[in-house]
Amino acid sequence: MYEKQYPNEGAVLFNQPEEKNSYGPMAERVLKEAIFQFQRKKLMEKIDEALAAGNKPLFFKLSAQYNDLLKKYGA
């Protein structure tokens, strides 16, 4: 019965017009930074493992990926 009275409660309604003072651009920057930091951390861990194992080919491959990541995010 409660669901019939309030069918949209808790639902995210995407068709609503965007407000002028929207947090969208700021949220996008925060998400991009979070993704960059996560990917950077994972690559650094893999690079450290490759160094510890003495795996030169993997180290060079991961280092190239790390450099590409830095270029992509302008870091």
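These numbers were taken from a predicted model, which means no experiment stands behind them. (Residues numbered from 1 in each chain as written. Predicted model: local features only at pLDDT ≥ 70, side-chain atom pairs only at ≥ 80, totals over all residues. Heavy atoms only, no water.)

Caption draft 1: Spatial organisation of helix H2 (residues 24–53). A rise of 1.5 Å per residue sets the reference length of H2, with its 30 residues, at 44 Å; its end C-alpha atoms lie 43 Å apart and thus fit the reference within 8%. Residues of H2 that are buried include every one of Phe36, Leu43, Ile47 and Ala50, and no others. On its buried face, H2 is in contact with helix H3 (56–73). (Helix = DSSP H or I, 4+ residues; strand = E, 2+ residues; numbered from the N terminus. Expected span 1.5 Å × (residues − 1). Buried < 20%, exposed > 50% of the residue type's maximum accessible area, 1.4 Å probe, protein only. Contact = heavy atoms within 4.5 Å.)

Caption draft 2: Focus on the packing of aromatic side chains. Scanning the model with the defined rule gives 2 aromatic pairs in all. Plain terms: the ring middles of Phe36 and Tyr73 are 5.3 Å apart, the flat faces sit at 50 degrees to each other, and that makes the pair tilted. Note that Phe36 is positioned in helix H2 and Tyr73 in helix H3, a separation of 37 residues in sequence. (Phe/Tyr/Trp six-rings, centres within 6.5 Å; stacked < 30°, edge-to-face > 60°.)

Caption draft 3: Local environment of H3. Taking 1.5 Å of rise per residue, 18 residues should cover 26 Å, and H3 covers 26 Å from first to last C-alpha, within 8% of that figure. For H3, the complete set of buried residues consists of Leu62, Ser63, Tyr66 and Leu69. For H3, the angular spread of buried residues about the axis comes to 115 degrees, placing them on one side. Residues of H3 that are exposed and point more than 90 degrees away from the buried face comprise Lys56, Pro57, Phe60, Lys61, Lys71 and Lys72. Capping the start of H3, Asn55 holds a side-chain oxygen 3.2 Å from the backbone nitrogen of Leu58, two or three residues further along. Two residues or fewer past H3, Gly74 is found with a positive phi of approximately 65 degrees. (Arc of directions from axis to C-beta. Polar contact = N/O pair within 3.5 Å; in protein donor to acceptor, adjacent residues only side chain to side chain.)

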